[in-house]
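Chains, contacts and geometry: an overview
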Amino acid sequence: MRLLLRLLAGIWLATLVVTGSFAYLDILEERTRLEDDLVRRAVLTADAVREATERVAGRGPAAKPALDRIAKRFNLTDRTVAIYDELGGVLNAAPEIRGALGPVAPLVSEAIRTAAPVRQLVRVGMRPTLVQVMPLERDERVVGAIAVLLDAEGVETHELALWQRTAVRLGVLILLLTGITWVLVRWTVTRPIARMAEWTKQLKTGQPVAPPSDADASLFGPLAGEVTGLARTLTRVRAAAEREARLRLRGESVWTEERLKQFVQMRFGASPIFVLSNREPVSHVRDGAAIRELQPASGLVTAMAPIMFACGGVWVAHGSGDADRIVGERIGLPADDPAYTLRRVWLEPDEEAGYYYGFANEGLWPLCHIVHERPQFRAADWAHYRAVNEKFAATVLEEMERVESPVVLVQDYHFALASRYIKRERPDARVALFWHIPWPNFEAFGICPWQEEILLGMLGADLIGFHTQFHCNNFLETVERTIEGRVEWDDFAVVRGHHTTHVLPFPISVAAEPEERAPAVDDPPAMLETPVEFLGIGVERIDYTKGLPERFRALRRFFERWPEYRRRVVFVQLASPSRSRIPRYQQLQEEIHEIVRRINDEIGEWGWQPIVYHERHHEHREIRAWYRAAQFCVVSSLHDGMNLVAKEFIAARDNDDAVLILSRFTGASRELRDALLVNPYDIEGTAEAIHRAIEMAPAERRDRMSHMRAHVREQNIFRWAGMLMSELTRIPRGDRPGVTAAPGPS
């Protein structure tokens with residue numbers, strides 16, 4: 001209560017000072033305006049009276065009738081005229097004011113003496129009056145004067161009314177502010193503090209209570225954030241401990257976030273993990289006047305974010321959001337409970353064009369996927385690629401400058417050279433490079449003009465990981481046929497000088513969250529115009545490797561062969577625009593739009609479209625909702641390293657009543673054998689798989705999905721990280737005697 005009274009007193013005082021000051025200035029301005037208006041009226045009237053009076057002035061008694069007529073003509077209710085002779089005597093004045101002209105006499109005398117106009121605000125008959133006196137001249141001598149008297153009481157009355165209205169407004173404003181302040185203090189201060197106190201009290205007893213809702217950090221400062229963060233941390237730790245206990249009781253050995261954290265701390269101590277990737281886990285974009293946090297549509301982010309959340313460290317990435325520079329170069333993530341640091345690296349437009357859009361995505365991406373697109377290799381792009389790799393490597397080195405024996409996880413084809421740059425400066429670092437896309441056979445990779453430099457850069461790492469053993473074999477064969485070095489096939493390693501690089505498969509996965517950690521979801525079917533019996537879902541970046549045109553053609557064929565499912569089945573495609581500056585991707589977007597339009601026009605009916613196409617960025621919460629609502633999911637990649645959409649769909653299911661249709665050209669197909677495997681080029685076969693998914697018996701659906709969920713749950717992202725980190729611990733540090741880093745790039 002004392003806080004509220006002090007707060008209200010300050011608000012009242014501030015309101016009084018501000019309102020009073022502005023009211024005083026406004027009233028002063030209004031009074032000046034009214035007085036100026038009176039002066040203009042007085043001057044105009046005095047000029048008119050003088051002009052009429054000077055013609056008859058000085059004629060003695062003969063002029064009296066003319067003077068009476070002049071006075072009568074100019075006298076009004078709020079205006080009076082008095083005419084004086086050359087000695088200051090009154091020649092003509094209204095009877096009601098003649099006796100009250102005493103205060104005017106000095107002004108008349110001054111005007112006659114100086115032969116100049118005189119103006120002054122005086123009280124005439126106890127009323128404020130503006131008096132304008134002007135001398136009368138004939139033959140260049142003063143023969144009298146006229147005085148115009150204007151009633152000025154309206155000025156004071158208007159000023160008093162303004163002060164009264166200001167007082168009323170001030171009173172209403174103070175009452176309103178008092179009420180609003182009381183409500184705000186109660187809801188944003190008193191109530192949250194009471195909730196925190198109650199939560200703390202219950203927490204002491206060990207009761208499984210939910211943490212308090214977020215308080216206003218701008219009001220409470222660090223206290224609100226720390227208390228809320230503590231609540232979440234304790235709840236998360238308790239949930240992890242309970243889950244570990246349940247797993248021990250069942251005799252299971254599933255990798256969890258807490259287990260990974262303990263494993264890393266046991267093997268690497270308190271040393272942070274450093275992740276290097278092109279894609280940042282969170283970008284900040286402008287949304288009108290506001291700044292919105294956006295999680296990119298990326299399998300890499302989906303995989304690495306849980307690891308960083310569990311283990312902490314520094315994630316070095318390209319700051320690509322249009323509001324990233326405003327938010328900052330180094331930020332803690334997640335924003336509400338920071339577990340690791342995001343360090344952003346800025347790129348110039350020409351660097352991004354050459355390194356990312358050019359060499360990485362017009363060169364390495366089509367080269368490694370070997371799918372319907374000729375790689376483009378330009379010397380200028382290669383120069384930018386090398387320079388940007390050096391820039392990112394320098395940033396990583398800066399971040400781990402004071403860290404002993406750091407662990408660095410380099411991600412994907414954007415940084416084929418970075419491992420060697422890092423290892424050259426820090427031979428004590430343990431560096432792992434994970435290649436998230438396929439590795440082609442050695443004949444295909446030989447297309448690249450700089451294949452030797454890329455291989456040497458990758459072999460700067462201590463450990464290279466691929467999704468499958470097939471890709472590892474392709475890489476080792478490429479090394480064996482391209483550069484000097486010894487490939488040890490028994491150990492799947494490459495030895496060059498004193499440096500050994502191990503090449504192993506690590507099938508990446510997702511975090512299969514337990515139900516108590518699963519975020520709440522909305523009901524996506526409400527977004528459909530009409531309810532449907534069967535809902536299919538597809539989630540992809542727009543990329544020519546994802547087989548979207550083939551998927552839509554298979555859907556068309558499905559409706560042609562089984563027309564009884566029209567109006568009963570809707571397929572929703574969530575598509576995220578990607579690399580739209582590259583002409584091939586622009587062509588693909590146009591092709592997809594045309595295919596969807598044509599299918600909906602030719603097969604669709606009034607009130608029903610077979611394909612609902614959403615092309616924009618989709619939040620993970622929204623995607624998860626669609627996953628849980630769909631009866632089947634189609635993943636029709638033409639060539640993919642793993643494809644985490646398949647595993648995300650499985651992890652999101654909680655009732656097992658769904659079917660996964662999966663391309664056999666994905667890495668996931670080697671693990672998820674209970675999916676309906678298809679050749680996406682086979683339109684008839686894919687259409688039959690869609691029909692089979694819809695017609696499948698409930699028991700078979702649940703059995704298949706249950707097996708796949710168990711696999712994803714056991715082979716989750718924490719196990720992937722644990723296996724990769726375990727391999728890193730077996731690698732000797734480069735600063736030990738007899739062990740040296742790989743030679744620097746030429």
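What you are looking at is a predicted structure, and each value in this text was computed from that prediction instead of being measured. Residue numbering note: each chain is counted from 1, following its sequence as written. pLDDT decides what is reported in this predicted model: residues at 70 or higher carry local features, side-chain atom pairs at 80 or more are listed and counted, and totals for whole chains, interfaces and linings draw on all residues regardless. Hydrogen atoms and water are omitted, and side-chain values are computed over all heavy atoms in the structure.

This brings us to the overall build of the protein. The number of helices and strands found in the protein is 23 helices and 23 strands. Burial status follows relative accessibility: with a 1.4 Å probe on protein chains alone, a residue under 20% of its type maximum counts as buried, one over 50% as exposed, and anything between as partly exposed. Here the protein holds 746 residues, and the buried ones make up 51% of them. Residue contacts follow a heavy-atom distance rule, with two residues in contact if any of their heavy atoms lie within 4.5 Å. For the protein, restricting intrachain contacts to residue pairs at least 6 apart in sequence, the fraction spanning at least 24 positions comes to 71%. Throughout, the Shrake-Rupley method with a 1.4 Å probe supplies accessible areas, and for residues the shown protein chains are the sole cover considered. A total of about 34800 Å² of accessible surface is found on the protein, and carbon and sulfur atoms cover 53% of it. Strands are runs of DSSP state E lasting at least two residues, helices are runs of H or I lasting at least four, and both sets are numbered from the N terminus onward.

Any two of the Phe, Tyr and Trp rings considered here, Trp counted by its six-membered ring, make a pair once their centres fall within 6.5 Å; the pair's planes then place it as stacked at under 30 degrees, edge-to-face at over 60, or tilted in between. In the structure shown here, the tally under the stated rule is 31 aromatic pairs. Ring centres of phenylalanine 359 and phenylalanine 377 lie 5.9 Å apart, and the angle between their planes is 55°; this geometry places the pair in the tilted category. Here the residue phenylalanine 359 occupies a position in helix α11 (residues 349-369), and phenylalanine 377 occupies one in the loop between α11 and α12 (379-399), the gap between them amounting to 18 residues. The exposure class assigned to phenylalanine 359 is buried, which follows from its relative accessible area of 0%. Aromatic ring contacts, followed pair by pair, group Tyr355, Tyr356, Tyr357, Phe359, Phe377, Trp382, Tyr385, Phe392, Phe415 and Trp450 into a single cluster. Between arginine 259 and the ring centre of tryptophan 255, over which it is positioned, the NZ or CZ distance is 4.3 Å. Throughout this description, the term charge over a ring refers to an Arg CZ or Lys NZ atom that lies within 6 Å of the ring centre and within 35 degrees of the ring normal. Lying across the ring of tryptophan 365, arginine 579 places its NZ or CZ 4.3 Å from the centre.

Right, let's get into unusual backbone geometry. Across the chain, the bulk of peptide bonds are trans and the bulk of non-glycine residues have phi less than zero. That bond from leucine 333 to proline 334 is cis: its omega, -10°, falls within 30 degrees of zero. Positionally, proline 334 belongs in the loop between β10 (330-333) and β11 (340-345). If you check the backbone angles, aspartate 412 has positive phi at about 80° while not being a glycine. Here aspartate 412 lies in the loop between β12 (407-411) and α13 (418-425). Positive phi outside glycine occurs at aspartate 656, with the angle close to 65°. In this structure aspartate 656 comes out as buried when scored by relative accessible area, which is 16%.

Turning our eyes to something else, we now look at the packing of α12 against α13. One way to put it is that α12 packs onto α13 with a least axis distance of 8 Å and a crossing angle of 45°. One element, α12, and the other, α13, form an angle in the oblique class. Remark: the crossing between α12 and α13 carries right-handed chirality. Together, Arg386, Asn389, Glu390, Ala393, Val396 and Leu397 of α12 and Ala418, Tyr421, Ile422, Arg424 and Glu425 of α13 make up the contact between the two elements. Amino acids are sorted into nonpolar (Ala, Val, Leu, Ile, Met, Phe, Trp, Tyr, Cys and Pro), charged (Asp, Glu, Lys and Arg) and polar (every other residue, Gly among them). Considered class by class, the residues forming the contact of α12 with α13 number 6 nonpolar, 1 polar and 4 charged. Only the stretch in contact is used when fitting a helix axis, every axis being a line fitted to C-alpha atoms; angles between N-to-C directions are given from 0 to 180 degrees. Angular relationships are summarised with four words: roughly parallel below 35 degrees, roughly antiparallel beyond 145, roughly perpendicular across 65 to 115, and oblique for the angles in between. Throughout, a crossing is termed right-handed when the near helix is turned clockwise from the far one, and left-handed when it is turned anticlockwise from it by less than a right angle.

All right, on to the pairing of strand β20 (residues 611-615) then. A pair of strands is considered paired only if DSSP assigns at least 2 bridges between the two. Relative to β20, strand β19 (residues 569-576) runs parallel, the two sharing 5 bridges. By the bridge assignment, leucine 574 is partnered in β20 with histidine 614. With helix α18 (residues 583-603) bridging β19 and its parallel neighbour β20, the resulting β-α-β unit is right-handed. When the strands point away from the viewer and the connection leading from the first strand across the helix to the second strand turns clockwise, the crossover is called right-handed.

Note on placement: aspartate 428 falls in the loop between α13 and β13 (430-434). For the purposes of these results, a polar contact is taken to be a pair of N or O atoms within 3.5 Å, where, inside protein, one atom must be able to donate a hydrogen and its partner to accept one; residues adjacent in sequence count only when each atom of the pair is a side-chain atom. One polar contact links aspartate 428 to arginine 426, side chain to side chain, over a distance of 2.9 Å.

Next up on the list: a nonpolar patch on the surface. Side chains of Leu13, Val17, Val18 and Phe22 sit close together on the surface and give an oily, nonpolar patch of about 390 Å² of accessible area. One can find leucine 13 in helix α1 (residues 2-54). Exposure above 30% relative accessible area and the lack of any salt bridge qualify a residue for a patch; like charges then connect within 9 Å, and the nonpolar side chains Val, Leu, Ile, Met, Phe, Trp and Tyr within 5 Å. Just to be clear on terms, a salt bridge is a Lys or Arg side-chain nitrogen sitting within 4 Å of an Asp or Glu carboxyl oxygen.

Turning next to the confidence of the model for the protein. Residues of the protein with pLDDT of at least 70 account for 88%, and the chain-wide mean is 86. Low pLDDT, under 50, characterises residues 514-521; the predicted model gives this stretch 14 contacts beyond four residues in sequence or across chains. Confidence scores per residue from the predictor, reported as pLDDT, run from 0 to 100. Here residues 735-746 scores under 50 on pLDDT; set against residues more than four positions off or in separate chains, the count is 21 contacts.

Spatial ordering of the open sheet is given by β10-β11-β9-β6-β12-β13-β14-β17-β16-β15, a layout of 10 strands whose pairing is mixed. Looking at the sheet topology across the chains shown, the edges are occupied by β10 and β15 (486-488). For this sheet, the mean angle separating the axes of adjacent strands, direction not counted, is 20°. Relative to strand β9 (residues 313-318), strand β6 (residues 273-276) is paired through 4 bridges, and the arrangement is parallel.

Along the chain, tryptophan 489 falls in the loop between β15 and β16 (493-496). Looking at tryptophan 489, the relative accessible area reads 33%, which means it is partly exposed. As for tryptophan 489 and asparagine 473, which are separated by 16 residues in sequence, their C-alpha atoms are 8.9 Å apart. When near neighbours in sequence (up to four residues on either side) are disregarded, tryptophan 489 contacts Asn473, Leu476, Glu477 and Glu480. Among the polar contacts listed, one links the side chain of tryptophan 489 to the side chain of glutamate 480, at a separation of 3.3 Å.

A few words on the nonpolar core. When a protein is soluble and globular, its nonpolar side chains tend to lie buried together. In terms of nonpolar packing, the biggest core is built from 163 residues, with Phe552 and Leu660 touching the most fellow members. Considering every element that reaches this core, the biggest residue donor is α11, with 9 residues. For leucine 660, the contacting residues outside a window of four places in its chain are Cys633, Val635, Ala646, Phe649, Ile650, Leu672, Ala675, Leu676 and Met708. By nonpolar core is meant a set of buried Ala, Val, Leu, Ile, Met, Phe, Trp, Tyr and Cys residues that side-chain atoms within 4.5 Å join together. Membership of the second largest hydrophobic core comes to 24 residues, among which are Leu38, Ala63, Ala66 and Ile146.

What links the strands of a sheet is backbone hydrogen bonding, and the strands pair in either a parallel or an antiparallel sense. Taken together, the 5 strands give an open sheet; going across it, the order is β2-β1-β5-β4-β3, and neighbouring strands pair in antiparallel fashion. Two strands lie at the open edges of the sheet, namely β2 (90-92) and β3 (118-124), each paired on one side alone. Within this sheet the neighbouring strands show an average axis-to-axis angle of 35°, counted without direction. Pairing of strand β4 (residues 127-138) with strand β5 (residues 141-151) involves 10 bridges; the strand directions are antiparallel. In the sheet register, glutamine 132 faces β5, and the bridge partner there is valine 148. The sheet contacts of helix α2 (residues 64-74) involve β1 (79-85) and β2, and relative to β2 the element is tilted by about 75°.

Quick look at the pattern of salt bridges now. One pass over the structure, following the stated rule, counts 51 salt bridges. One salt bridge in this structure joins arginine 426 and aspartate 428, with 2.9 Å as the shortest N-O distance. We classify arginine 426 as buried; its relative accessible area is 15%. Taking relative accessible area as the criterion, aspartate 428 reaches 11% and is therefore assigned buried. One salt bridge connects glutamate 488 with arginine 486, and the closest N-O pair in it is separated by 2.9 Å. Overall, the relative accessible area of 47% leaves arginine 486 in the partly exposed class. Each of the salt bridges in this network shares a partner with another, and the network as a whole consists of Arg556, Arg557, Glu560, Arg561, Glu602, Glu684 and Glu688.

Each regular strand displays side chains that alternate between the two surfaces of the sheet. Here β11 lies mainly inside the structure; 5 of its 6 residues are buried. When β9 meets β11, the two strands line up parallel, connected through 5 bridges. Its bridge partner being in β11, histidine 318 is matched across the sheet by valine 345. Summarising the sheet, β10 and β11 pair through 4 bridges and their orientation is antiparallel. Paired with isoleucine 331 across the bridge in β11 is leucine 342. What sits between β10 and β11 in their antiparallel hairpin is a turn of 6 residues.

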